[in-house]
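Structural features, examined
One-letter residues, chain by chain:
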Amino acid sequence: MKQILKVIIGIVILGVIGFGVYTILPEYPHNIVKSIVQPVTNARAKDLIHKVQNLPNKDVDNVMYKTILEKNTGMCSWVYDNEIEPGVEYVTFNGKGASINLKEYAEYNGKMSTSCFVKVDFKIKGNSVEIVPYIDGVKMSIDDGKHEEMNKQIRADIFTQLYKGMKAD
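Chains are numbered independently. Their residues run from 1 in the order of the written sequence. Totals for whole chains, interfaces and linings use every residue, but because this is a predicted model, local features are given only for residues with pLDDT of at least 70 and side-chain atom pairs only at 80 or more, for both listing and counting. Note that the side-chain values use all heavy atoms of the structure and ignore hydrogens as well as water.

1. Brief notes about a negative patch on the surface
Without a salt bridge and with relative accessible area above 30%, a residue can belong to a patch; like charges are then joined within 9 Å and nonpolar side chains (Val, Leu, Ile, Met, Phe, Trp, Tyr) within 5 Å. Method for areas: the Shrake-Rupley scheme with a 1.4 Å probe, in which residue coverage is limited to the protein chains shown. A pairing counts as a salt bridge when a side-chain nitrogen of Lys or Arg comes within 4 Å of a carboxyl oxygen of Asp or Glu. By the counting rule applied here, Lys and Arg register as positive and Asp and Glu as negative, while His and the ends of each chain are not counted. Where a charge lies is defined by one atom per residue type, namely NZ (Lys), CZ (Arg), CG (Asp) and CD (Glu). A surface patch of negative charge is lined by Glu107, Glu130, Asp144 and Glu148. Numbering of helices and strands runs from the N terminus, with a helix taken as a DSSP run of H or I at least four residues long and a strand as a DSSP run of E at least two residues long. Positionally, Glu107 belongs in the loop between β4 (89–101) and β5 (112–125). Owing to a relative accessible area of 53%, Glu107 belongs among the exposed residues under this scheme. A 1.4 Å probe rolled over the protein chains alone gives each residue an accessible area, and that area as a share of the maximum for its type sets the label: buried under 20%, exposed over 50%, partly exposed in between.

In structure tokens:
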């Protein structure tokens, strides 16, 4: 009986330590762990992530976002969140190691990266999906009402390069 109690206490202590480490992880490794556990424990997350992954992108030959985003990135994760805004759900993609040339987009802090961190937020409200990419932590969207066409253009360029490879200078 004493031996069983020691094993149970050991498992509880390891669980508490594991949870403590998980909570202090930075966003990227935290999301890697979350992307493994979340689809198993949350049916809504699994369903919504699957739907977002299978959305076609009209700017890239109607290829699905899963294919576009995972083709030239490594250590990918897809996570779900519904606690940011009431009535709004988010699916977020994270990936590392992408090569993207955004030098022509000076207003967006654009540069050429051969190994960048890519984050894409899919903001879902009802039947509409707003897509906002981030490159190395910089939001690739200017929300001032004057840059709507440029926002669409840079989004299309990012997704095209993620799928087809970095464009030359």
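This is not the end of the story, as more comes after the structure.
2. Comments concerning the packing of aromatic side chains
Only rings of Phe, Tyr and Trp enter the pairing, Trp through its six-membered ring, and a pair is recorded when the two centres are within 6.5 Å. The plane angle decides the type: under 30 degrees is stacked, over 60 is edge-to-face, the rest tilted. Tallying each qualifying case throughout the model produces five aromatic pairs. Within the aromatic cluster, the residues linked to one another by ring pairs are Tyr65, Trp78, Phe93, Phe122 and Phe159. In this scheme, the term charge over a ring applies when either NZ of a lysine or CZ of an arginine sits within 6 Å of the ring centre and within 35 degrees of the ring normal. In this structure, Lys71 is placed above the aromatic ring of Tyr163, and the distance from its NZ or CZ to the ring centre is 4.5 Å. Just above the ring of Tyr134 sits the side chain of Lys119; from NZ or CZ to the centre is 5.2 Å.

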